[in-house]
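# An overview of the molecular structure
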Amino acid sequence: MRGINAYVADHPEEKPAFAIDLEPWHLITIGRAMIMRWPIGTIMGDLKNKDKRPKPDMGSNQWAVSPKRSATGGAILLTDPHLTWKGLAVFYEARVHAGDLHMNGFFLVGSPIMGYGHGLNVGWAPTTGGPDTGDVYQMKIRMWGPLPQYEYDGRWRMMEASVATIKVKEGTDVLMPILRTHLGPLISEPDFKKGVAYVGASPYLESTGLFDQILKMCMAKDVHEFAHAIAMNELMEQNLMYADTSGNIGYVRIGRAPVRPKGYDWNAPVPGHTSATAWLGIHPFDDLVQILNPEQGYMQNCNISPNNMMIGSPLTKDKYIDYLYNVTWDITNPRGKRIRKLLHENPQVTPEDALAYTTDIYDILSKPWQRALRQAIAAKGQAHQNYPDINAAAKRILAWDGRFTVDAIGVPLYKFWRINCSRNGKVDVVAISKSEELPVEQELLILEILQETIVEMKKKYGKWDMAWGDIHKVGRKGQFFPVPGADFNGGVDGPNFSETLFDVKSKTDKTNPKLEIAYSGSMAMMLMFFSKNGIESHTCVPWGQNADPQSPHFMDQGRELYSQRKLKPTLWTKQALLNSFIESKLVLETSIVSP
């Protein structure tokens, strides 16, 4: 923090007018703000009393290969978070060498916490998923004079009341009342007429040991020390995969999950007026879903169920407490299906294979949809001849190899055609995804929709046969480049949902509606190779490391790496950094003040 303040003092022109004065404790709040997104999401799902929680708008890829399936003789680990590229989830890449502490990876902006990456001996990769770490209690309440009370075990207790001031940029400060019980804070407006309030509860609400745990994770000499560190349970609920220089690979569905009394539906609000529903402690590390060095020699968890992590996975639901296994939404998806197949069929994964898997842009639904189109064309004979462009369009789609390359002509048409087939609700997209036979009327319908899509594209773009990279771009502030990969039509495992391992989600540009600009998906990839000699890693981000449009690093990685499906070596050791091209050096000196 002293370093940041020293920089601000030397560059006052770069400090925004709305910026606050920074203090050391702010670093902790950034980490907690990120961590709390998961338990708060779980709590709000319980509040709505949903049997099946919606999938969070967060996804990621992770996979690991052990030496038995690695051509390098060491473990291989991939971490590839899929998050939006703005806001709290933005990470910056850094190398840190401080005495015995060595870190290479991605950090939350404004925080020294390394979210994922590796130390000298161990690396790790997270994806969204994990045990149920939050609950909602329904409380009995009443007003007692000017203050509210709540009932607990037949007695009335006073709520703690306070007010938080929320500063608003270019606006008036907002005062937010806060009411708390010993179980947690109120998470919705209390209803004093009905005498009901809802309280959110999570072990993370009072958890402050994240810094200590991350330090121990970075310092771990092997997976066993690493497991001891993550057993502190300070990380949010996650699928956490890790590997070490000795060739071990491990996985745990981590999370600070409370031990819940039996006999209640913990996916909905439970009675909070009685100690009968009070938690019985926190589940120890050994209770969690986990595996070390699976027999298969590989594993992946791209936001999927542990049962689908590998062919013949031993991590089946029947072996674990239901809320620890917690497969309410993450069962399987196109990314998980694709990488599991690739890893299972490759007995010796080379570095070239690993890079190809990291940046894979194949659509597993391309063949089923091509099959449906081919049969529709054949079955309808001359019926489609009234559509002037349909033969040429079908020929393009059917000749496509299923990979979203920037030069793939006709693939934008393929995307919009499939989206249109879902929109009217009349096309049996489930049957198409399963490569099942379509009735005659369905075959004619998908041809009609294809022709309608052609007309739409000619109206918008002037033609239908543009290449994928003609309209799909990566970039910002006027610097845009053709980008491969795809993610469209949404859904958890919807029958018409396509996403590639190199995940690139785009949306129509407001200033130029003819362009689809990438804004989410693969955003901080790191591929790690482990050996007795250490860890070699490669990384890539979609834009660049600098947010200043005038900086040469504003879009350099988007131009030279991301749009080309390339990763760069991290050169992470101190000597490698000193031997490489150094653009600038800045030495900050500060004295350590003893408490």
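These lines cover the structure that appears in this document, whether it is placed above or below. The written sequence of each chain sets the order in which its residues are numbered from 1. For this predicted model, a pLDDT threshold of at least 70 governs which residues receive local features, and a threshold of 80 or more governs which side-chain atom pairs are given and counted, while totals over whole chains, interfaces and linings are taken from all residues. Water and hydrogen atoms were dropped before computing side-chain values, which therefore reflect all heavy atoms in the structure.

Before going further, it helps to spend a moment on the overall build of the chain. Helices and strands together make up the secondary structure of the chain, namely 16 helices and 27 strands. Using C-alpha atoms as the atom set, the radius of gyration is obtained and then compared with a globule rule of 2.2 Å times the number of residues to the power 0.38. For 595 residues, the compact-globule estimate of 2.2 N^0.38 gives 25 Å, and the chain sits close to it at 26 Å. Based on the C-alpha atoms only, the size of the chain along its principal axes is roughly 80 × 65 × 55 Å. In this scheme, a residue with accessible area under 20% of its type's maximum is buried, one over 50% is exposed, and one in between is partly exposed, where area comes from a 1.4 Å probe on protein chains only. Split into buried and exposed, the 595 residues of the chain put 51% on the buried side. Any pair of residues with heavy atoms lying within 4.5 Å of one another is described as a contacting pair. Put simply, 66% of the contacts in the chain that link residues at least 6 apart link residues at least 24 apart. Note on areas: these come from Shrake-Rupley sampling with a 1.4 Å probe, and a residue is covered only by the protein chains present in the view. With the model as given, the accessible surface of the chain reaches about 27800 Å², and the carbon-plus-sulfur share is 55%. Averaging the positions of the 65 positive and the 64 negative side-chain charges in the chain gives two centres separated by 3 Å. Numbered from the N terminus, helices here are DSSP runs of H or I no shorter than four residues, and strands are runs of E no shorter than two. Only four residue types enter the tally: Lys and Arg on the positive side, Asp and Glu on the negative side; His and the chain ends are excluded. Lys charges are placed at NZ, Arg charges at CZ, Asp charges at CG and Glu charges at CD.

Here we take up the nonpolar core. Residues Trp-63, Trp-124, Phe-226, Ile-230, Met-299 and Tyr-562 are the most contacted members of the largest nonpolar core, which totals 95 residues. Tallying contributions element by element places strand β25 (residues 525-531) first for this core, with six residues. Discounting chain neighbours no more than four positions away, the residues touching Phe-226 are Val-122, Trp-124, Met-217, Ala-220, Leu-240 and Tyr-242. In this structure, Ile-377, Val-427, Ile-454 and Ala-486 belong to the second largest nonpolar core, which totals 39 residues. We define a nonpolar core as any set of buried Ala, Val, Leu, Ile, Met, Phe, Trp, Tyr and Cys residues linked to one another through side-chain atoms lying within 4.5 Å.

Here we take up the sheet that holds strand β14 (residues 238-244). Pairing between two strands requires that DSSP report at least two bridges joining them. If you trace the seven strands from one edge of the open sheet to the other, you get β3-β4-β5-β6-β14-β15-β17, paired in antiparallel fashion. The sheet terminates laterally at β3 (91-98) and β17 (290-292), the two strands that pair on one side only. Strand-to-strand twist of the sheet, defined as the mean angle between neighbouring strand axes without regard to direction, takes the value 25°. The sheet contact formed by strand β15 (residues 249-254) and β17 spans three bridges and is antiparallel. The partner of Gly-250 across the bridge, within β17, is Leu-292. To get an axis, fit a line to the C-alpha atoms, keeping to the stretch in contact for a helix; angles then go from 0 to 180 degrees between the N-to-C directions. In this fold helix α5 (residues 223-230) packs onto β6 (122-128), β14, β15 and β17, with an angle of close to 155° to the strand it touches most, β14.

In this section: the sheet that holds strand β12 (residues 184-185). The sheet built from three strands is open, its strands ordered β10-β11-β12 with antiparallel pairing. Edge positions in the sheet fall to β10 (160-166) and β12, since each has one partner strand and no second. Here β10 runs beside strand β11 (residues 174-181); their pairing, made up of seven bridges, is antiparallel. Bridge pairing in β11 links Ala-164 to Met-176.

We now examine the layout of surface pockets. Buriedness of a pocket was judged along seven lines, with at least five required to meet protein on both sides within 12 Å; pockets are open sets of points on a 1 Å grid over the protein atoms alone, cavities are sets where a 1.4 Å probe fits but cannot get out, and lining residues have an atom within 4 Å of a point. Grid points are joined across faces, edges and corners, and a volume is the space filled by probe spheres set on the points. The calculated volume of the second largest pocket comes to roughly 540 Å³. Around the second largest pocket, the lining comprises 20 residues; the ones closest to its centre are Lys-86, Gly-475, Arg-476, Ile-517 and Trp-543. At the level of elements, β19 (472-476), β23 (504-508) and β24 (516-522) are the ones that each hand at least two residues to the lining of the second largest pocket. Sorting elements by how many residues they give to the lining of the second largest pocket places β24 first, with three residues. Across the lining of the second largest pocket, the residue classes break down as nine nonpolar, five polar and six charged. Lys, Arg, Asp and Glu make up the charged group, whereas Ala, Val, Leu, Ile, Met, Phe, Trp, Tyr, Cys and Pro make up the nonpolar group; the residues left over, Gly among them, are polar.

Attention shifts here to empty space enclosed by the protein. Enumeration over the complete set of coordinates arrives at four cavities of 30 Å³ or more. Together, 23 residues line the largest cavity, and Met-34, Phe-91, Gly-115, Pro-126 and Met-236 are the ones closest to its centre. When grouped by side-chain class, the residues that make up the lining of the largest cavity number 17 nonpolar, six polar and no charged. A volume near 90 Å³ is recorded for the second largest cavity. Lining the second largest cavity, in full, are Ile-28, Gly-31, Arg-32, Ile-35, Met-36, Ile-113, Tyr-204, Ser-207, Thr-208, Leu-210, Phe-211 and Glu-234. Those elements giving two or more residues to the lining of the second largest cavity turn out to be α2 (26-35) and α4 (210-219).

Before going further, it helps to spend a moment on the environment of Trp-417. Within the secondary structure layout, Trp-417 lies in helix α11 (residues 411-423). Here the alpha-carbon distance between Trp-417 and Ile-449, two residues 32 residues apart in the chain, equals 6.7 Å. Residues in contact with Trp-417, not counting those within four places in the same chain, are Trp-369, Leu-373, Ile-397, Ile-446, Ile-449, Leu-450 and Thr-453.

Our next topic: the packing of helix α9 (residues 366-380) against α11. Contact geometry of α9 with α11 gives a least axis separation of 12 Å together with a crossing angle of 80°. Overall, the two elements α9 and α11 adopt an arrangement that is roughly perpendicular. When α9 is examined against α11, the residues Ser-366, Trp-369 and Leu-373 are found in contact with a partner set consisting of Tyr-414, Trp-417, Arg-418 and Cys-421. The residue makeup of the contact of α9 with α11, split by class, is five nonpolar, one polar and one charged. Angles are sorted into four bins: roughly parallel if under 35 degrees, roughly antiparallel if over 145, roughly perpendicular if 65 to 115, and oblique for all others.

So, on to the environment of Phe-530. Along the chain, Phe-530 falls in strand β25. Using a relative accessible area of 2% as the deciding quantity, one classes Phe-530 as buried. If we ignore the near neighbours within four places in the chain, the residues touching Phe-530 are Gly-74, Ala-75, Ile-76, Leu-77, Asn-121, Val-122, Gly-123, Ala-243, Asp-244, Thr-245 and Ile-535.

Considering the arrangement of structural elements, one finds Asp-503 in the loop between β22 (498-499) and β23. Buried and unpaired, Asp-503 has no salt bridge, with Arg-335 as the nearest side chain of opposite charge at 4.4 Å. Contact partners of Asp-503, with chain neighbours within four places excluded, come to His-82, Arg-335, Ala-486, Asp-487, Ser-520, Gly-521, Ser-522 and Tyr-562. In what follows, salt bridge is the name for a side-chain nitrogen of Lys or Arg lying within 4 Å of a carboxyl oxygen of Asp or Glu.

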